[in-house]
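Structural characterization, general
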Amino acid sequence: MILEALASAVLGLVLAWAAAHRLSHRLPARPLVFSTGIAGALFGDFVTHTALGPGTAWLSLLGAAVISAASLSLLLRPAGRLRRSATA
């Protein structure tokens, strides 16, 4: 269980690093991105492990990756400037 949590935290850190490296212009400060990636992965591992039970480490890591990527996607800002409509 401890190794599974550690592996999911490392997976979240790797996903956050990849997002910060690739999309740095669309994300907020790096500490927020890294902490969101790790927390999302730990939460995803917890939820998946609780739902499936012990003995499914690979599926728990998959759930950690999905929840971490979903929580990181919530941090994305629009790429360009927002355009106001003529009626606004």
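In the block above lies the structure referred to throughout.
Residues numbered from 1 in each chain as written. Predicted model: local features only at pLDDT ≥ 70, side-chain atom pairs only at ≥ 80, totals over all residues. Heavy atoms only, no water.

1. Digging into the environment of Leu72
Following the sequence through the fold, Leu72 ends up in helix H3 (residues 57-73). Leave out the neighbours within four places in its chain, and Leu72 touches Leu15, Ala16, Ala19, Leu27, Val33, Thr36 and Gly37. (Helix = DSSP H or I, 4+ residues; strand = E, 2+ residues; numbered from the N terminus. Contact = heavy atoms within 4.5 Å.)

2. Notes on the nonpolar core
With 7 residues, the main nonpolar core is built from Ala16, Ala19, Ala20, Leu27, Val33, Leu72 and Leu75. Ranked by the residues each element gives to this core, the list is headed by helix H1 (residues 2-22), at 3 residues. In this view, Leu75 contacts Arg26, Leu27, Pro28, Leu32, Val33 and Thr36; residues no more than four positions away in its chain are not counted. (Core = buried A, V, L, I, M, F, W, Y, C linked by side-chain atoms within 4.5 Å. Buried < 20%, exposed > 50% of the residue type's maximum accessible area, 1.4 Å probe, protein only.)

3. Focus on the environment of Ser71
Locating Ser71 in the fold gives a position in helix H3. Along the backbone, Ser71 and Gly37 are 34 residues apart, and their C-alpha atoms lie at a distance of 7.0 Å. Contacts of Ser71, omitting those with residues within four sequence positions, involve Thr36 and Gly40. A distance of 3.0 Å separates a polar side-chain atom of Ser71 from the backbone oxygen of Ser68. (Polar contact = N/O pair within 3.5 Å; in protein donor to acceptor, adjacent residues only side chain to side chain.)

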